[in-house]
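# Coordinate inspection notes
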Amino acid sequence: MAAIVSRSFTVILLVGLCTFGSPAALGSQTKPNLHHYEYHRVQDSNQSWICWQETYRPSKETSDKFHESANGTVSEIQRILRFNQSTTVLFKFNSNSENQNLRTEFTIERNKLVILSLDNAGLERLSLGRDDNCRLAELSVPRNRLGKVPDGIERLTALRKLDFSYNLLEAFNLDLLAKATGMKLLLLKNNRIESFVSRTPILFGNLQRLDLSHNRLATLDSANWNMPRLEHFHIDRNHELKMIVGWSKKRFPLVEGFDPSGTNNWNQTWLRSVQ
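What comes next is a walk through the structure. One numbering rule holds for all chains: residues counted from 1, following each sequence as written. Thresholds applied to this predicted model are a pLDDT of at least 70 for local features of residues and 80 or more for the giving and counting of side-chain atom pairs; totals over whole chains, interfaces and linings are not thresholded and use all residues. No hydrogens and no water enter the side-chain calculation; it runs on all heavy atoms of the structure.

## Overview of the overall build of the protein
Helix and strand labels come from DSSP, where a helix needs a run of H or I of at least four residues and a strand needs a run of E of at least two; each type is numbered from the N terminus. A tally of helices and strands in the protein yields four helices and 15 strands. Think of it in three bands: residues with accessible area under 20% of the maximum for their type are buried, residues over 50% are exposed, and the middle band is partly exposed, with areas taken using a 1.4 Å probe on protein chains only. For the protein, with 275 residues in total, the buried portion stands at 40%. Across the protein, contacts joining residues at least 24 apart in sequence account for 49% of those joining residues at least 6 apart. Reported accessibility uses the Shrake-Rupley method at a 1.4 Å probe radius. Residues are deemed covered only where the shown protein chains occlude them. Entry remark: accessible area of the protein is about 15200 Å², with carbon and sulfur atoms responsible for 51%. Any two residues whose heavy atoms approach within 4.5 Å at even a single point are treated as in contact.

Below, the structure is given as structure tokens:
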């Protein structure tokens, strides 16, 4: 009886070892997690110009376009984000994967890129060069894990669009964008912002959209804002916000108004005075 049990155990053990060592089993254990990605890149060998102008378009004679859509490992995506910025003027990356295990960093070099968009790229740190940058017109980094605005953002003088939506920001100092007087879109929705301040008068003569919705603002002071063309102002889903200091229909004539039955805890007396 003992011999039968021993032979049975040996057979089971051998079957187990064969199964464990089979290609299918080894493949299932070593298969890396893949992340979807898509990117567009435009290179322009003509780098004789210095600062970006509205009329700039890469010439067909000096530019090349690249596009790729695939599934890649973390290391492959990190490699893609380390592209050569020396002649790249546009780089747009996006992913529709969960990307919980994707951890990336990015450094913007001085006066190279015109448009940079990193959407759901696992970005945890964004760095800027130490010198003024008068080329970068669009910086979009939505759906990442950025907990702070990068140092040096005050040196981005050509910005027209800044998008930090769906990140982890807790504060935003509007004074840092004082030199970006041509700003048109400032998008900060779905963060954790409790403080949005401007301690000095700031002029955004071309700003058309400001989105502060889905944050944690309890107070907001617009007294230092000069935004004559502001038309779309989104402030809903700040549940503790009762009023906006300095706001009036005369100062912001293009903004339609605020929903009295919306998702903010508006002071109704104040609300009636500004509608």
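Past the structure itself, the notes keep going.
## Re the packing of aromatic side chains
Working definition: rings of Phe, Tyr and Trp (its six-membered ring) pair if their centres are within 6.5 Å, and the pair is stacked with planes under 30 degrees apart, edge-to-face with planes over 60 apart, and tilted otherwise. Counted according to the given criterion, the structure contains 17 aromatic pairs. Here the aromatic rings of F83 and F106 are separated by 5.8 Å at their centres, their planes lie at 35°, and the arrangement is tilted. Taken as a pair, F83 in the loop between α3 (74-80) and β3 (88-94) and F106 in strand β4 (residues 104-108) lie far apart in primary sequence, 23 residues in all. Assessed through its relative accessible area of 10%, F83 is described here as buried. Through a chain of ring-to-ring contacts, three or more aromatic side chains come together here, namely F172, F196, W225, F233, W247, F252, F258, W266 and W270. Charge-over-ring placement is defined geometrically: NZ (Lys) or CZ (Arg) within 6 Å of the ring centre, and within 35 degrees of the ring normal. The side chain of R41 reaches across the aromatic face of F66, ending 4.8 Å from its centre.

## Thoughts on the environment of T104
As for its placement among the helices and strands, T104 is situated in strand β4. Measuring from C-alpha to C-alpha, the distance between T104 and N144 comes to 9.6 Å, with 40 residues separating the pair along the chain. As used in this structure description, the phrase polar contact means that two N or O atoms lie within 3.5 Å; if the pair is within protein, one of them must be able to donate a hydrogen and the other to accept it, and residues adjacent in sequence are counted only when both atoms belong to side chains. One polar contact links the side chain of T104 to the main-chain amide nitrogen of L123, over a distance of 3.3 Å.

## Quick look at the layout of surface pockets
The calculated volume of the largest pocket comes to roughly 340 Å³. Forming the boundary of the largest pocket are 16 residues, of which W52, Y56, R57, V114 and I115 lie nearest the centre. Residue type decides the class: Asp, Glu, Lys and Arg count as charged, Ala, Val, Leu, Ile, Met, Phe, Trp, Tyr, Cys and Pro as nonpolar, and the leftover types, Gly among them, as polar. Residue composition of the lining of the largest pocket, by class: 10 nonpolar, no polar and six charged. Points on a 1 Å grid, built from protein atoms alone, make a cavity when a 1.4 Å probe fits but cannot get out and make a pocket when they are open with protein on both sides within 12 Å along at least 5 of 7 lines; residues with an atom within 4 Å of a point are the lining residues. Grid points are joined across faces, edges and corners, and a volume is the space filled by probe spheres set on the points. Considered as a void within the structure, the second largest pocket measures approximately 280 Å³ in volume. In terms of lining residues, the second largest pocket is bounded by 15 residues, among which F233, H234, G257, F258 and D259 are the most central. Across the lining of the second largest pocket, the residue classes tally to five nonpolar, six polar and four charged.

## Some thoughts on the environment of H239
Along the chain, H239 falls in the loop between β15 (232-234) and α4 (268-274). Since its relative accessible area comes to 46%, H239 is described here as partly exposed. Expressed as a C-alpha distance, the spacing of H239 and L217, which sit 22 residues apart in the sequence, is 7.7 Å. Apart from residues no more than four positions distant in its own chain, H239 is found in contact with T263, N264 and N265. A polar atom in the side chain of H239 sits 3.0 Å from the backbone oxygen of T263.

## Overview of the sheet that holds strand β13 (residues 209-211)
A pair of strands is labelled paired if DSSP reports no fewer than 2 bridges between them. Across the sheet, which stays open at both edges, the nine strands sit in the order β2-β1-β3-β5-β7-β8-β10-β13-β15 with mixed pairing between neighbours. Two strands close off the open sheet at either side, each with one partner strand: β2 (63-72) and β15. Strand-to-strand twist across the sheet, computed as the mean angle between neighbouring axes with direction ignored, equals 10°. Of the pairings in the sheet, the one linking strand β8 (residues 161-163) to strand β10 (residues 185-187) comprises three bridges and is parallel in character. The residue bridging K161 from the neighbouring strand is L185, located in β10. For helices, the fitted line uses only the C-alpha atoms of the stretch in contact; every axis is such a line through C-alpha atoms, and the angle between N-to-C directions lies from 0 to 180 degrees.

## Focus on the side chain of S95
The topology assignment puts S95 in the loop between β3 and β4. Owing to a relative accessible area of 2%, S95 belongs among the buried residues under this scheme. Residues in contact with S95, not counting those within four places in the same chain, are H36, Y37, D119, N120 and R143.

## Some points on the nonpolar core
In this structure, L139, F172, F196, F233 and W247 are the most contacted members of the largest nonpolar core, which totals 60 residues. Of all the secondary-structure elements, those providing two or more residues to this core are β1 (35-44), α3, β3, β4, β5 (115-119), β6 (123-128) and α4. Remark: nonpolar core denotes a set of buried residues (Ala, Val, Leu, Ile, Met, Phe, Trp, Tyr, Cys) joined through side-chain atoms within 4.5 Å.

## Brief notes about the pattern of salt bridges
Salt bridges are identified by distance alone: a Lys or Arg side-chain nitrogen within 4 Å of an Asp or Glu carboxyl oxygen. Per the stated rule, a full pass over the model turns up nine salt bridges. Between R110 and D131 there is a salt bridge whose closest N-O contact spans 3.9 Å. Residue R110 is found in the loop between β4 and β5, and its partner D131 is found in the loop between β6 and β7 (138-140); the two are separated by 21 residues along the sequence. Judged by relative accessible area, which is 45%, R110 ranks as partly exposed. With a relative accessible area of 45%, D131 lands in the partly exposed category. A salt bridge links E124 to R145; the shortest N-O distance between them is 3.4 Å. Of this pair, E124 sits in strand β6 while R145 sits in the loop between β7 and β8, and the two are 21 residues apart along the sequence. Using a relative accessible area of 37% as the deciding quantity, one classes E124 as partly exposed.

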